[in-house]
Amino acid sequence: MVEEEAKSLPMELSEKGGVENNGFVQNEAFDDKETDTSSQEEMPKTCIVDTDPAAMEELAVTREILFWLIIAAAVALVCATITIIALSPKCLDWWQASPIYQIYPRSFKDSNMDGNGDLKGIQDKLDHITYLNIKTIWITSFYKSPLKDLGYGAEDFYDIDPMFGSMSDFENLLAAIHDRGLKVIMDLIPNHTSDKHQWFQLSRNRTGKYTDYYIWQDCTQAAGSVAPPNNWVSVFGNSSWQYDDVRKQCYFHQFGKEQPDLNFRNLAVQQEIHDIIKFWLGKGIDGFSFSAVKFLLEATHLRDEPQVNKSQNPVTITAYSQLYHDYTTTQVGMHDIIRSFRQTMNQFSSEPGRYRFMGSDGDEKEDIEATMMYYGTTFVQEADFPFNFNLINMKNLSGNGIFEAVNLWMKNMPAGKWPNWAVGSPNAARISSRIGKEYVNVMNMLLLTLPGTPVTYYGEEIGMENIASENVSEGPIYSDPVVATFPEKSPMQWDGKVNAGFTEGNSSWLPINSDYQSVNVEIQMTWSNSTLNLYRELTLLRNNELPLHRGWMCYIWNDSNVFVYVRELDGLDKVFMMVLNFGQGSTIDLKAIVPSLPSEAIIKLSTNFSNAGKTVNTKLIKTEMGEGLVLEYKTAKPVHTMEAFQGNCFVAEKACYSSAFNLLYVNC
């Protein structure tokens, strides 16, 4: 009886205990060896759970459906990604997305109180660059140099002039620039060197491969004067041939006699320049501006260049403008050399986000087609753009004149290329001095709302003026006659303190402009209606608004007073219209010119800050002398789609906006 009860107990526990974990059931062999029937109870029987075959089949089908849904979703995601990439326009590169801020280093900021700006000074003022919403800096020449022609003839392309600091200073500056997410471009003038350069010293002594690094020709001496090989004249005037007492020959110089031209028909010379490019790109710079490139080659036949005035006595020709420079500029093969520079730079452009920019100074004032050749062709890359000085070279300021300068570039620019604009440079009078203070703000508004890359010369963001020429000669530090010819290079005006915050030393290499107490960065930061604050608002608008960033530009109207154009983007109903006055007070009916224009528009920005946010009647838009308006309105019929304006519209990097997906695409 007791035994029967003992046998029934495990069965009862098994039935009440729930589901059994079969993973831990002992096997029979183990039971036979280890179980003692006299002391162990009988193991409970396993509880078998019945399963529904139909339910199991349904579960398997569900799993298979989920598997294929996941596969389909993955394929769809990949296809969508490929489609978006295929339809997306090319992103603007860094040299397209931001304005370029050009710095003349000797005049920007002095860090060691010697009166000369330097590399450490630039580093100290990088916050100013970011304050302007600018991400690209262009630093003009700072190679070791005797500083003839203000440093454009290098004594050593691999070193920094001590006036500006050391190579360590440059490396620190470069690191600080990149740490802020900025880019830096530097100058390279390959055409010539200083006569102090080691290459020239070796060449004049006919040493090895350097013998033909420069252009040497026999010339005759008679009665103490030299008879040059031909009538070629230097840019600075007088013969471009200089007799050398060491070599007993004449060497050729397109510029000053202290700047002998390199012989680019010598492949070893070309390789030297390629090595220099590689050196600085290896240091980490982001691009080069190549200057004076049209002078790289000269005709080998050495024939006299034709006179502008054929009746002029050839003996009296001394000025550069008195000859047509058919044999000393833009020779066959010159563009091949520039393209080879581009190929070397491309070797450093393969890393994502590290494209190396290349600019050149076409400098063909009379021949726009020759300038456009620096863009290269569809299949052969050259410069990303030749720098555009049309707005600087204008002879007469007017609405029509501005239109002609802009249109000249846009209608001649090769399809698919990117424009650029400059209103100041180290070699031209400042805006205030060239065309008047009242036009500074409207010129900056033009610069920052045109399509392409704007270039701002330091100080133009606060409206600096040239220093008066009579002040330049005062005192021994200003006695250099070369300095007297560059009043646009006066020191940057940072504040109203002594020497405008440029230097803590006793004097500066050029005098500070007398207006520095009212025209400086510090005080204009506090004025809501200042040139500086308008400049900042314009760069911010340009960076944030797609139509200004990469949209269409269409000319609407131009006359002697105003220039009017719009910036639009396909798929976006927001339009910006610029009404810029470069003459006298004007009233214009824009709705009569563009009938689909809405009757009212909002003033987004104005050269007079108090007008921002106001509404204007498009049938009656008034502007005063030097006034500029950025108007904003919405429309379903953009100007660039209208037949009447087809010849007036341009786009460089075409893109269309999809409001449904909030993205850009190319097939409009």
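Residues numbered from 1 in each chain as written. Predicted model: local features only at pLDDT ≥ 70, side-chain atom pairs only at ≥ 80, totals over all residues. Heavy atoms only, no water.

As recorded in an unreviewed UniProt entry, the chain goes by the name Amino acid transporter heavy chain SLC3A1, listed as coming from Charadrius vociferus.

Things to note about the overall build of the chain
For the chain, the helix and strand inventory stands at 21 helices and 26 strands. Counting every position in the chain, which comprises 668 residues, the buried fraction comes to 53%. Within the chain, residue pairs in contact and separated by at least 24 positions form 69% of the contacts whose partners lie at least 6 positions apart. Put simply, the chain shows about 31,200 Å² of open surface, and 53% of that area lies on carbon and sulfur atoms. (Helix = DSSP H or I, 4+ residues; strand = E, 2+ residues; numbered from the N terminus. Buried < 20%, exposed > 50% of the residue type's maximum accessible area, 1.4 Å probe, protein only. Contact = heavy atoms within 4.5 Å. Areas by Shrake-Rupley, 256 points an atom, 1.4 Å probe, with all protein chains shown as cover.)

Overview of the pattern of salt bridges
The tally for this structure, following the rule as stated, stands at 17 salt bridges. Among the salt bridges present, the one from K209 reaches E272, with a minimum N-O distance of 3.9 Å. Taken together, the positions of K209 in the loop between helix 8 (198-204) and strand 6 (216-217) and E272 in helix 9 (residues 267-283) put the pair 63 residues apart, joining distant regions of the chain. Judged by its relative accessible area of 11%, E272 falls in the buried class. For K574, the salt bridge is made with E545, and the minimal N-O distance between the two is 3.2 Å. Of this pair, K574 sits in strand 18 (residues 574-581) while E545 sits in the loop between helix 19 (531-544) and helix 20 (546-550), and the two are 29 residues apart along the sequence. Judged on exposure class, the residue K574 and its partner E545 are both buried. One salt-bridge network, in which partners are shared between bridges, spans K183, D286 and R354. (Salt bridge = Lys/Arg side-chain N within 4 Å of Asp/Glu carboxyl O.)

Concerning the side chain of T623
Along the chain, T623 turns up in strand 22 (residues 621-623). The exposure class assigned to T623 is buried, which follows from its relative accessible area of 2%. For T623, the side chain forms a polar contact with the side chain of N581, separated by 3.1 Å. In this structure, T623 is in contact with V562, V579, N581, Q584, G585, S586 and L629, ignoring residues within four places of it in sequence. (Polar contact = N/O pair within 3.5 Å; in protein donor to acceptor, adjacent residues only side chain to side chain.)

Structural notes on the state of the cysteines
Applying the stated criterion across every chain, the model contains two disulfides. The residue that forms a disulfide with C554 is C649, at a sulfur-sulfur distance of 2.1 Å. An S-S torsion of about 120° defines the bridge between C554 and C649 as right-handed. In this pair, C554 sits in strand 16 (residues 552-558) while C649 sits in strand 24 (residues 649-650), placing the two residues 95 residues apart along the sequence. Each of the two residues, C554 as well as C649, counts as buried. (Disulfide = S-S within 2.5 Å.)

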